Amino acid sequence: MPNPKRRHSKSRGRKRRTHYKATAAAVSECPNCHTQKLPHRACPNCGFYNGRTITVPKKA
Amino acid sequence: MRHRKSGRKLKRTASHRKALLGSLSTSLLRHKRITTTVAKAKETRMVVEKLITRARNAMANAAAAPAATVHARREVARHINDRKVVSELFSTIVDKVGSRPGGYTRIVRLGQRPGDGAELAVIELVDFNTGSELTGKTETKKKAARVGTYRKTEAGKKEKPAAKKAEASASAASKASE
């Protein structure tokens, strides 16, 4: 099996990893209660999706 | 390669998968609405839609060929492990579905489950979940459940301290006699 000839410096590895970035989750606004929610999912705050109640949240 | 192979394995053997989808389908037809993971919901949809169509077609031709209904029932019963649910499918559910050309189920994503981060979804029969009836239903169910658990714990509490007291008094008595 081929093997690396030289070890990578910390700097080299860290420079490569500068491009590993977390992206912010896309959020949309619930048309019923106007909180931020994930798109294409029932609202965790009020349980609405597509103009109707899908679930009843535990707190409500 | 997975080319042209439909369906998910759901990390189960063929028999385990068959059993799972049978249970999920039975539950969905019994309760009209179940919460599960998105992957399982989508697999269940594939099974249930076919079952409903099979039942619907059989009932549409029931007058012309009553014997065919028996056959259809038995074919459907291979996937559903409850005879009552089968008869409900062939009567109530078929009536309610009417002439809807497929698409009897609806899947709505709910977000991730704490614990394993699996994405959950509600799968429901469209004709049984029109929207307005839901809020009251779930609330009353939750209330009922709470009352039940409360009573149980109450009874358990009452029994346990009494038993402990009895033990304590017994041990105290034995000590006193010593």
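Report on the accompanying structure.

### Notes on the packing of aromatic side chains
For step 1, the next point in the chain: Taken as a whole and assessed by the stated rule, the structure comprises 0 aromatic pairs over all chains.
For step 2, the next point in the chain: In this structure, K32 of chain B packs its charged tip against the face of F128 of chain B, placed 5.1 Å from the ring centre.

### Re the packing of helix α1 (residues 14-31) of chain B against helix α2 (residues 38-60) of chain B
What describes two packed helices is the angle between their axes and the distance between those same axes.
Residue and element names in this part refer to chain B.
For step 1, the next point in the chain: Closest axis-to-axis distance for the α1/α2 pair is 9 Å, and the angle between their directions is 70 degrees. It follows from the interaxial angle that α1 and α2 lie roughly perpendicular. The handedness of the crossing between α1 and α2 is right-handed. For the pair α1 and α2, the contacting residues are L20, L21, L24, S25, L28 and L29 in the first and K40, E43, T44, V47, V48, L51 and I52 in the second.
For step 2, the next point in the chain: Looking at the contact of α1 with α2 residue by residue, the classes come out as 9 nonpolar, 2 polar and 2 charged.

### Considering the pairing of strand β2 (residues 105-112) of chain B
Residue and element names in this part refer to chain B.
For step 1, the next point in the chain: One ladder, built from 7 bridges, connects β2 with strand β3 (residues 119-125); its direction is antiparallel. What sits directly across from R109, in β3, is A121.
For step 2, the next point in the chain: Between the end of β2 and the start of β3, which pair antiparallel, lie 6 residues, with G115 showing a positive phi angle near 115 degrees.

### Observations concerning the pattern of salt bridges
Residue and element names in this part refer to chain B.
For step 1, the next point in the chain: One pass over the full model with this rule turns up 11 salt bridges over all chains.
For step 2, the next point in the chain: Across the salt bridge formed by R33 and E124, the nearest N and O atoms sit 2.3 Å from each other. With R33 in strand β1 (residues 33-37) and E124 in strand β3, the pair connects residues that are 91 residues apart, well separated along the chain.
For step 3, the next point in the chain: We note a salt bridge from D116 to R113, for which the minimum N-O separation is 2.9 Å.
For step 4, the next point in the chain: Residue classification places R113 among the partly exposed positions, given a relative accessible area of 32%.

### Points about the nonpolar core
Residues and elements named next belong to chain B.
For step 1, the next point in the chain: Grouped together as the largest cluster of nonpolar side chains are 28 residues, with contacts concentrated most on L29, I52, I80, L89, F90, I93 and L125.
For step 2, the next point in the chain: Among the elements of the structure, α1, α2, α3 (66-77), α4 (83-97) and β3 are those that each provide at least two residues to this core.
For step 3, the next point in the chain: Not counting the four nearest positions on each side in its chain, I52 is found in contact with L29, L89, V97, Y104 and L125.

Quick notes on the rules
Residues numbered from 1 in each chain as written. Chains lettered and ligands numbered in written order. Predicted model: local features only at pLDDT ≥ 70, side-chain atom pairs only at ≥ 80, totals over all residues. Heavy atoms only, no water. Phe/Tyr/Trp six-rings, centres within 6.5 Å; stacked < 30°, edge-to-face > 60°. Lys NZ or Arg CZ within 6 Å of the ring centre and 35° of its normal. Axes fitted to C-alpha atoms, helices over the stretch in contact; angles between N-to-C directions. Helix = DSSP H or I, 4+ residues; strand = E, 2+ residues; numbered from the N terminus. Parallel < 35°, antiparallel > 145°, perpendicular 65-115°, else oblique. Left-handed = near helix turned anticlockwise from the far one by under 90°. Contact = heavy atoms within 4.5 Å. Nonpolar A, V, L, I, M, F, W, Y, C, P; charged D, E, K, R; others polar. Pairing = 2+ DSSP bridges. Salt bridge = Lys/Arg side-chain N within 4 Å of Asp/Glu carboxyl O. Buried < 20%, exposed > 50% of the residue type's maximum accessible area, 1.4 Å probe, protein only. Core = buried A, V, L, I, M, F, W, Y, C linked by side-chain atoms within 4.5 Å.

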